[in-house]
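The residues making up each chain are set out below.
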Amino acid sequence: MTQDNSGEANQEQKLDNIKELGQTDLPSFKSDIHCLTIAGQVEGHMVLPPQNKTTKYEHIIPQLLAVEENPQIKGLLVVLNTVGGDVEAGLALAEMISSLSKPTVSIVLGGGHSIGSSIAVSTDFSFIAPSATMTIHPIRLTGLVIGVPQTYEYLDKMQDRVVKFVVEHSRVTEQKFRELMFRTGDLARDIGTVLVGKDAVDCGLIDAVGGLRDAVNKIHELKDNKGGLMQ
C-alpha cells in the first residue's frame, strides 16, 4: 500500500507539473543562488485589478529577509521584466536589496521601466539583455489629484528620492538622468526616454549587456570575492 500511495503521489505531482509548468520533471539540483522575479507591475498600497500581472511587495520582503538570514543562500539574482508601479513600494524593495550583505546581481529581460530602474540598479552589478528596454520618465500620481502647491512639492520630493537612489547606485550622473527623464520627442504621449540594451550601459545606468549565463557567472565571481562574509 505504501508503494502504491507513493506511486500515486508521484503521478499526481507529474500531472501538476504538466498543468502548472508544462513539464514532467523539475530539476532536482539545489542552487545556493536565490532567484527573485520582479514581473508585471509592482503592487504597493493599492490592490490592482485581477487581470493585471503583479509583484506584491509584501511577498518580496520576507524573501529578502530569508536570503539575508539563510546561510545556505550565497547570492541573489534579481530578474526584472516590469512596467514599473508603486514608487514607494519599488523604492522599499530597492533599498532592501541594496542593503543585503550577500552578492546581488540583476538582469533586465524584456523591460525594466519606471521604478523598475531603481530596482535594477540596487544590486552589486546589473545586466541588461540586448533586446530589453528601460523607460525613464517623471513620476505621476493616479486617481484624484488636487492642484495645489503642496501636491507639486510632494511629487518633486518623491522624484528627488528616486533620482538620488539611482545616481548613488549606478554610474549615471544626476544631470544625465534628469535629462533622460525630461526629454521630449522619444515618447508619443509623454516625456522621457526609452533606452534599448546597450543604450542603458552607455549612459551609465546599467553596468553591462549580458544574459543569464553572464549574470550567474558574475554572482559566482562576487561570491569568491566576498568569501570572508559567506562563511
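Scroll up to find the structure.
Description of the structure in this document. Keep in mind that this is a model prediction, so the values were computed, not measured.

Analysis parameters
- Residues numbered from 1 in each chain as written.
- Predicted model: local features only at pLDDT ≥ 70, side-chain atom pairs only at ≥ 80, totals over all residues.
- Heavy atoms only, no water.
- Helix = DSSP H or I, 4+ residues; strand = E, 2+ residues; numbered from the N terminus.
- Areas by Shrake-Rupley, 256 points an atom, 1.4 Å probe, with all protein chains shown as cover.
- Salt bridge = Lys/Arg side-chain N within 4 Å of Asp/Glu carboxyl O.
- Buried < 20%, exposed > 50% of the residue type's maximum accessible area, 1.4 Å probe, protein only.
- Core = buried A, V, L, I, M, F, W, Y, C linked by side-chain atoms within 4.5 Å.
- Contact = heavy atoms within 4.5 Å.
- Pairing = 2+ DSSP bridges.
- Expected span 1.5 Å × (residues − 1).
- Arc of directions from axis to C-beta.
- Phe/Tyr/Trp six-rings, centres within 6.5 Å; stacked < 30°, edge-to-face > 60°.
- Lys NZ or Arg CZ within 6 Å of the ring centre and 35° of its normal.

Some details on the overall build of the chain
Here is step 1 of the chain: For the chain, the helix and strand inventory stands at eight helices and eight strands.
Here is step 2 of the chain: Put simply, the chain shows about 13200 Å² of open surface, and 54% of that area lies on carbon and sulfur atoms.

What about the pattern of salt bridges?
A side chain of one charge can pair with a side chain of the opposite charge if their charged atoms are brought near each other.
Here is step 1 of the chain: Applying the stated criterion across every chain yields a total of 10 salt bridges.
Here is step 2 of the chain: A salt bridge links Arg161 to Glu88; the shortest N-O distance between them is 3.7 Å. A residue pair is termed long-range when its members are at least 10 positions apart, and Arg161 in helix α5 (residues 149-168) and Glu88 in helix α3 (residues 87-98) qualify at 73 residues.
Here is step 3 of the chain: Glu88 gets classed as partly exposed once you look at its relative accessible area, which sits at 32%.
Here is step 4 of the chain: The residue Glu179 makes a salt bridge to Arg183 at a minimum N-O spacing of 3.0 Å.
Here is step 5 of the chain: Connected through salt bridges with shared partners, the residues Asp160, Glu174 and Arg178 form a single ionic network.

Notes on the nonpolar core
Here is step 1 of the chain: Ile38, Leu205 and Ile206 are the most contacted members of the largest nonpolar core, which totals 43 residues.
Here is step 2 of the chain: Considering each element in turn, this core owes the most residues, six residues, to α3.
Here is step 3 of the chain: Once residues within four sequence positions are removed from consideration, Leu205 is found in contact with Val121, Ser126, Met134, Ile136, Val166, Ser170, Val172, Phe177, Leu195 and Ala200.
Here is step 4 of the chain: The next biggest cluster of nonpolar side chains, apart from the first, holds 11 residues, and it includes Leu77, Val105, Ile107 and Leu222.

Description of the pairing of strand β1 (residues 33-43)
Here is step 1 of the chain: With 10 bridges connecting them, β1 and strand β3 (residues 75-85) associate as parallel partners. Across the sheet, Ile38 pairs through a bridge with Leu80, a residue of β3.
Here is step 2 of the chain: Relative to strand β2 (residues 54-56), β1 runs parallel, the two sharing three bridges. By the bridge assignment, Glu43 is partnered in β2 with Lys56.

Digging into helix α8 (residues 212-225)
Here is step 1 of the chain: The end-to-end C-alpha separation of α8 is 20 Å, in line with the 20 Å expected for 14 residues at 1.5 Å each.
Here is step 2 of the chain: Those residues of α8 that sit buried are Ala215, Lys218, Ile219, Leu222 and Lys223. Burial along α8 is one-sided: seen end-on, the buried residues are contained in an arc of 140°. Seen from the buried face of α8, the exposed residues on the opposite side, beyond 90 degrees, are Arg213 and Asp224.
Here is step 3 of the chain: Buried residues belonging to α8 abut β1, β3, β4 (104-112) and β5 (125-128).

Some words on the packing of aromatic side chains
Any two aromatic rings considered together are summarised by their centre-to-centre distance and by the angle between their planes.
Here is step 1 of the chain: For the structure on display, the rule yields one aromatic pair.
Here is step 2 of the chain: Ring centres 5.0 Å apart and planes at 55° place the aromatic pair Phe125 and Phe127 in the tilted group. Each member of the pair, Phe125 together with Phe127, is buried.
Here is step 3 of the chain: Its guanidinium or amino end placed over the ring of Phe125, Lys218 lies 4.3 Å from that ring's centre, counting from NZ or CZ.

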